[in-house]
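These are the residues of each chain, in order.
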Amino acid sequence: MDARIDSQTALLARIDAARDDLVALTRDLIAFPTLNPPGEAYLDICEYLERRFSGRGFAVEKVRAKDAPGDSDRYPRWNVIARREGNAPGQCVHFNSHIDVVEVGRGWTKDPFGGAVEDGKIYGRGSCDMKGGLAASIIAVEAFLDTHPDFAGAIEISGTADEETGGYGGVAYLAEHGYFSPERVQHVIIPEPLNKDRICLGHRGVWWAEIETHGRIAHGSMPFLGDCAVRHMGAVVAEMERSLFPALANKRTDMPVVPEGARQSTMNINSLHGGQTERPKDYTGFPAAVVPDSARMIIDRRYLIEESADEVRGEIVAILEKLKVEREKFTYDLRELWQVSPTMTAKDSPVVTATARAIETVLKKQPDYVVSPGTYDQKHIDRIGRMHNCIAYGPGILDLAHQPDEYVGINDMIDSAKVMALSLRDLLSPAD
Ligand SMILES: [Zn+2]
């Protein structure tokens, strides 16, 4: 037991000693302008990571998601996956971070790729979401390798593309090619910025669809000779307001979604178009007088683990069928665009309990368990990879993601590197 305490102390001390290395690594990662879209500098950052991982005895692969959405010779979708085997067979723990960042946007007072260090914070686009998490996981793994060279099992670290645009050129592609499968990987930690004392178990589901109402074109001065598709769509919106939105607000979930407002079913009307398309800016004339024969609405429905995609679809179909009975000449099309099932890793699964114990040791408090209102790469690991032992855990304040003057706290990175290292030790070296 004393030896176990000694090795824990050595591991944590090794991370404290790596502070300057952690800062330099984070600044290096921020300096790659991996903007997505369009997907800049992916190969450069993958080659940088490859050099670092190779130097620590990892077998490294770079994988291009050839022909995935967004992939082109000008903007190839590169990913890097490193694996290091232990001294004996055992389970594999995988740390997955996305390498892409969102556009810079306005309002910055710092250089978005400069990595300025001030008052214990590192500034830059992607510092919080999620190059700080990637750097912390690398330092955690390296400290573990230094202090526990005889571990059993395997460790993987990946830097993947395109999370900010759906992950199809990143984790989805890798999962389709066997990199995330229960045979290869048993535990996944995604160091997204969820605050260092929170464990994110999963996310709500998504159902996107397009509704189209039909009409008949006629002269605008004699609308009674046609049939206005926009009025039909107005009836759809009215029925949603009357019956659907109140019903959604009443569907509460046991999922610990944050923020609190998302602890229910929600639906966003993403867009609504009817009649003639908007005039080009350089056209100075009038629109023509016609009755619109088509109106289209895109809806973005977020659903709960207590609901199914069939129920969600059924609610919309019920509204449309009701209007078909009530309104003369009402016809519609319903096209499903995208669906992601909700997922929530069990609180008693090994990766969750190991991370919870590590948070108690490092931060001297119980973790908070949360679920994300929107999806992230866990969706692909869950659905394509059939891997249900996955969490998001990492440094950084979630609210800073995608904001101007985004930063990550150095102490937060140190603390979460310690949590990740202790989780790794718990999962791979439970006895020594
Ligand atoms: Zn992210």
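Residues numbered from 1 in each chain as written. Predicted model: local features only at pLDDT ≥ 70, side-chain atom pairs only at ≥ 80, totals over all residues.

**Let's talk about the domain arrangement of the protein**
Frequently, the measure chosen for interface size is the accessible area that the parts lose on association. Note the following rule: An automatic or database domain assignment is the source of the domain bounds shown. Think of it this way: build a C-beta for each residue from its backbone, and any pair within 7 Å is a contact. Helix and strand labels come from DSSP, where a helix needs a run of H or I of at least four residues and a strand needs a run of E of at least two; each type is numbered from the N terminus.
Split by domain assignment, the protein resolves into domain 1 (2-203 + 342-428) and domain 2 (206-340). Summarising the inter-unit geometry, the C-alpha centres of domain 1 and domain 2 are found 38 Å apart. Contacts between the two partners involve eight residues from domain 1, matched on the other side by 11 residues from domain 2. In terms of residue count, strand E14 (residues 368-372) provides more of the side of domain 1 that touches domain 2 than any other element does, three residues in total.

**Re the pairing of strand E3 (residues 88-98)**
Put simply, the rule reads: Think of it this way: DSSP has to see at least two bridges between two strands before they count as a pair.
Looking at chain direction, E3 and strand E6 (residues 152-160) are connected through eight bridges and run parallel. Bridge assignment links Phe 95 to a residue of E6, and that residue is Ile 157. Pairing between E3 and strand E7 (residues 187-190): three bridges, direction parallel. Note that in E7 the partner of Phe 95 across the bridge is Ile 189.

**As for unusual backbone geometry**
The criterion, for reference: In this scheme the burial state of a residue depends on its C-beta neighbours within 10 Å: 20 or more other such atoms mean buried, 12 or fewer mean exposed, and anything in between means partly exposed; the C-beta positions come from the backbone.
The omega torsion across Asn 36 and Pro 37 is -10°, close enough to zero to call that bond cis. Along the chain, Pro 37 falls in the loop between helix H2 (19-31) and helix H3 (42-54). The omega torsion of the bond from Asp 129 to Met 130 falls at -5°, within 30 degrees of zero and hence cis. Looking at where Met 130 falls in the secondary structure, it is placed in helix H4 (residues 127-147). One non-glycine residue, Arg 386, lies in the positive phi region at around 55°. By the element assignment, Arg 386 lies in the loop between helix H9 (378-383) and strand E15 (390-392). Judged by C-beta crowding, with 12 C-beta atoms within 10 Å, Arg 386 ranks as exposed.

**Remarks on the environment of Glu 192**
Its place among the elements puts Glu 192 in the loop between E7 and strand E8 (198-203). Accessibility expressed as a C-beta count within 10 Å gives 26 for Glu 192, which makes it buried. In the structure, Glu 192 is positioned 58 residues away from Leu 134 in sequence and 8.5 Å away in space, judged by C-alpha atoms. When sequence neighbours within four positions are dropped, the list of residues in contact with Glu 192 reads Met 130, Gly 133, Tyr 376, Ala 392 and Gly 394.

**Considering the nonpolar core**
Using the following cut-off: Buried Ala, Val, Leu, Ile, Met, Phe, Trp, Tyr and Cys residues form a nonpolar core when they are connected through C-beta atoms within 7 Å.
In terms of nonpolar packing, the biggest core is built from 96 residues, with Ile 139, Ala 140, Ile 391, Ala 417, Ala 421 and Leu 424 touching the most fellow members. Both domains that furnish three or more residues to this core are identified here as domain 1 (2-203 + 342-428) and domain 2 (206-340). Residues contacting Ile 139, with those up to four places away along its chain left out, are Ile 15, Ala 18, Asp 21, Leu 22 and Ala 417. Ile 211, Ala 229, Met 233 and Phe 330 belong to the second-largest nonpolar core, a separate cluster that totals 13 residues.

**Notes on the sheet that holds strand E5 (residues 121-123)**
Going by this rule: Every axis corresponds to a line fitted to the C-alpha atoms, with the helix fit spanning only the stretch in contact, and the corresponding angles, defined between N-to-C directions, vary from 0 to 180 degrees.
Spatially, E4-E5-E16 is the arrangement adopted by the three strands of the open sheet, whose pairing is antiparallel. Looking at the sheet topology across the chains shown, the edges are occupied by strand E4 (117-118) and strand E16 (407-409). In the sheet, E5 pairs with E16 via three bridges, with the strands oriented antiparallel. Pairing of Lys 121 across the sheet is with Gly 409, part of E16. The strands that H4 touches are E5 and E16; relative to E16, the one it contacts most, it runs at about 45°.

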